[in-house]
Amino acid sequence: MKTMHIGKTPLVVSRLAFGCMRLSDNRREALASIQTALEAGITFFDHADIYGNGSKEDVFSAIWEAVPGLRDKIILQSKCGIRRRGDPDPTAPTRYDFSYDHIVRSVEGSLRRLKTDYLDILLLHRPDVLMEPAEVARAFDALHAAGKVRYFGVSNHTAAQIQLLASCVRQQLVINQLLLNPLDSELLEVGVSLTRRPLLHRVRGDGTLEYCWMNGITIQAWGPLVGGALSGNLPAGADSRIVEAAQVVAELAAAKGVSREAIVVGWLLRHPAGIQPVIGTTNPARIRAACQAVDIELSREEWYRLFVAGRGGELP
Ligand SMILES: NC(=O)c1ccc[n+]([C@@H]2O[C@H](COP(=O)([O-])OP(=O)(O)OC[C@H]3O[C@@H](n4cnc5c(N)ncnc54)[C@H](OP(=O)(O)O)[C@@H]3O)[C@@H](O)[C@H]2O)c1
């Protein structure tokens with residue numbers, strides 16, 4: 001497994017991260033997924049307080065007994081800030097909450113469930129429209145000073161939202177975790193569409209990738225396998241764009257003698273910003289197939305072929 005640095009930190013981690021959102025709640029099955037990831041060389045594990053309402057952090061903690069001495073050899077990331085409908089009372093809607101109390105309470109819950117004293121990285125999960133940057137700064141300071149969180153970052157944030165937060169927060173923001181794959185490539189779209197097409201999904205695509213890259217904020221890609229849509233799990237009624245992109249993936253995989261997962265994930269690795277895909281498969285064979293991505297390199301032509309197919313049209 002190849003490695004990379006997270007942001008401007010000294011943390012050296014595997015080129016792929018393992019997403020724990022879909023871990024089985026069955027301890028034996030969950031351990032099989034985690035151990036396959038470890039054997040493939042993955043050292044970075046992504047959680048959130050809300051995954052399975054905390055059950056995924058809980059089941060993950062079985063790994064400490066299964067693999068003694070592991071804690072300091074891996075990087076544990078969790079997220080906070082999303083609150084589900086009905087929490088804490090029945091009229092409360094799904095919402096975002098970056099208040100001091102919620103951030104601190106959430107981290108304490110994650111530490112308890114993960115059975116660890118510290119998170120290596122804490123991300124704010126989705127932007128809170130009512131965020132008060134000074135209050136977030138106070139929560140980060142308290143968590144950092146108590147040794148409960150080493151590094152901080154965000155997820156699904158625009159460049160401007162990161163700048164606003166960074167103007168108050170004392171710690172570096174080291175990660176922005178964003179949706180990115182060949183079928184959801186709006187982050188790249190803005191860079192090729194200024195000449196002709198109307199700009200779609202303008203806000204998220206508008207300079208966020210470039211901002212993170214320029215400022216040493218590692219971009220993590222969630223949803224990197226598109227749920228398997230391009231690698232054997234074509235959705236019923238898939239439109240011609242998806243069918244064609246899946247065909248390109250199949251052709252490239254056959255030509256290179258690798259798995260289709262390797263092509264889809266390799267497409268993200270080929271971007272020069274040093275994107276870290278967070279793979280979400282829990283199937284051991286698919287975990288190994290995705291990890292083949294670090295051993296291939298797509299040519300410029302191959303990369304653009306999949307980009308064009310995935311965006312559903314030739315470039316201007
Ligand atoms: N920051 C955020 O807002 C956010 C949002 C969503 C997710 N995430 C993180 O990103 C990680 C990855 O996200 P994701 O799970 O949506 O991404 P993904 O890797 O694109 O998708 C994984 C899902 O696709 C299925 N799949 C893949 N190939 C398949 C195939 N050939 N046939 C059938 N099923 C197939 C997997 O099932 P199997 O397990 O059976 O292979 C799994 O359910 C999550 O675990 C989480 O850590 C973050």
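Residues numbered from 1 in each chain as written. Predicted model: local features only at pLDDT ≥ 70, side-chain atom pairs only at ≥ 80, totals over all residues.

Draft legend 1. Representation of the overall build of the protein chain in the model. Of regular secondary structure, the protein chain possesses 13 helices and 12 strands. Whereas a compact globule of 316 residues would reach a radius of gyration of roughly 20 Å, the protein chain reaches 19 Å, a difference of no more than 12%. Reported as C-alpha extents along the three principal axes, the dimensions of the protein chain are approximately 50 × 45 × 40 Å. Across the 316 residues that make up the protein chain, the buried fraction comes to 44%. Pairs at least 24 apart in sequence give 75% of the contacts found in the protein chain among residues at least 6 apart. (Helix = DSSP H or I, 4+ residues; strand = E, 2+ residues; numbered from the N terminus. Rg over C-alpha atoms; globule rule 2.2 N^0.38 Å. Buried ≥ 20, exposed ≤ 12 C-beta atoms within 10 Å, placed from the backbone. Contact = placed C-beta atoms within 7 Å.)

Draft legend 2. A look at the site of the ligand. The full set close to the ligand counts 25 residues, and Gly19, Met21, Gly228, Asn233 and Gly280 are the nearest of them. When the residues that make up the shell around the ligand are grouped by side-chain class, the tally is 8 nonpolar, 14 polar and 3 charged. (Near = placed C-beta within 6 Å. Nonpolar A, V, L, I, M, F, W, Y, C, P; charged D, E, K, R; others polar.)

Draft legend 3. Region of the structure containing the sheet that holds strand S8 (residues 119-124). Reading around the barrel, the 8 strands line up as S3-S4-S5-S8-S9-S10-S11-S12 and close back on themselves, with parallel pairing between neighbours. Each strand of the sheet is rotated relative to its neighbour by a mean of 30°, with strand direction disregarded. (Pairing = 2+ DSSP bridges. Axes fitted to C-alpha atoms, helices over the stretch in contact; angles between N-to-C directions.)

Draft legend 4. Looking closely at helix H4 (residues 100-114). Taking 1.5 Å of rise per residue, the 15 residues of H4 would be expected to cover 21 Å, and the 21 Å separating its terminal C-alpha atoms lies within 8% of that figure. At its buried positions, H4 is contacted by helix H2 (55-60), strand S5 (75-80), S8, helix H5 (133-145) and strand S9 (149-155). Lys115 occupies a position one or two residues after H4 and carries a positive phi of about 55°. (Expected span 1.5 Å × (residues − 1).)

Draft legend 5. Looking closely at the nonpolar core. In this structure, Leu122, Ala245, Val249, Val265 and Ala290 are the most contacted members of the largest nonpolar core, which totals 87 residues. Sequence-distant contacts of Val249, defined by excluding residues within four places in its chain, comprise Leu230, Ser231, Arg260, Ile263, Val264 and Leu306. (Core = buried A, V, L, I, M, F, W, Y, C linked by C-beta atoms within 7 Å.)

Draft legend 6. The arrangement of the packing of H4 against H5 in detail. At their nearest, the axes of H4 and H5 sit 8 Å apart, and the two run at 30° to each other. Relative to H5, H4 is oriented roughly parallel. For the element pair H4 and H5, the recorded crossing hand is right-handed. Taken together, the residues of H5 that come into contact with H4 (itself represented by Tyr100, Ile103, Val104 and Val107) are Glu135, Val136, Arg138, Ala139, Ala142 and Leu143. For the contact of H4 with H5, a count of residues per class yields 8 nonpolar, no polar and 2 charged. (Parallel < 35°, antiparallel > 145°, perpendicular 65-115°, else oblique. Left-handed = near helix turned anticlockwise from the far one by under 90°.)

Draft legend 7. Seen up close, the packing of helix H11 (residues 260-269) against helix H12 (residues 284-291). Between H11 and H12, whose axes approach to 7 Å, the crossing angle comes to 50°. Relative to H12, H11 is oriented oblique. The interaxial crossing formed by H11 with H12 has right-handed handedness. Along the contact surface, H11 presents Glu261, Ala262 and Val265, while H12 presents Arg286, Ala289 and Ala290. Across the contact of H11 with H12, the residue classes break down as 4 nonpolar, no polar and 2 charged.

Draft legend 8. Representation of unusual backbone geometry within the structure. In the segment running from Asp87 into Pro88, the intervening peptide bond is cis, with an omega of 5°. Structurally, the position occupied by Pro88 is in the loop between strand S6 (82-83) and strand S7 (95-96). For Asn53, which is not glycine, the phi torsion reads 55° and is therefore positive. Considering the arrangement of structural elements, one finds Asn53 in the loop between strand S4 (44-46) and H2. Positioned with a positive phi, Asn156 is a non-glycine residue whose angle comes to about 60°.

Draft legend 9. Inspection of the pairing of strand S12 (residues 276-279) at higher detail. Burial along S12 is two-sided: the residues Gln276 and Val278 and Pro277 and Ile279 are all buried. Pairing of strand S3 (residues 17-19) with S12 involves 2 bridges; the strand directions are parallel. Bridged to Phe18 within S12 is Ile279. Here strand S11 (residues 218-222) runs beside S12; their pairing, made up of 2 bridges, is parallel. Looking at S12, one finds that Gln220 is bridged to Gln276.

Draft legend 10. Expanded view of the pairing of S9. Within S9, 6 of the 7 residues are buried, which leaves the element mostly enclosed by the surrounding structure. With 5 bridges joining them, S8 and S9 adopt parallel strand pairing. Residue pairing for S9: Leu123 is matched across the bridge by Gly153. Between S8 and its parallel partner S9, the chain crosses via H5, and the hand of that crossover is right-handed. Regarding topology, helix H6 (residues 159-166) serves as the crossover connection from S9 to the parallel strand S10 (residues 173-179), and that connection is right-handed. (Right-handed = clockwise from strand over helix to strand, strands pointing away.)

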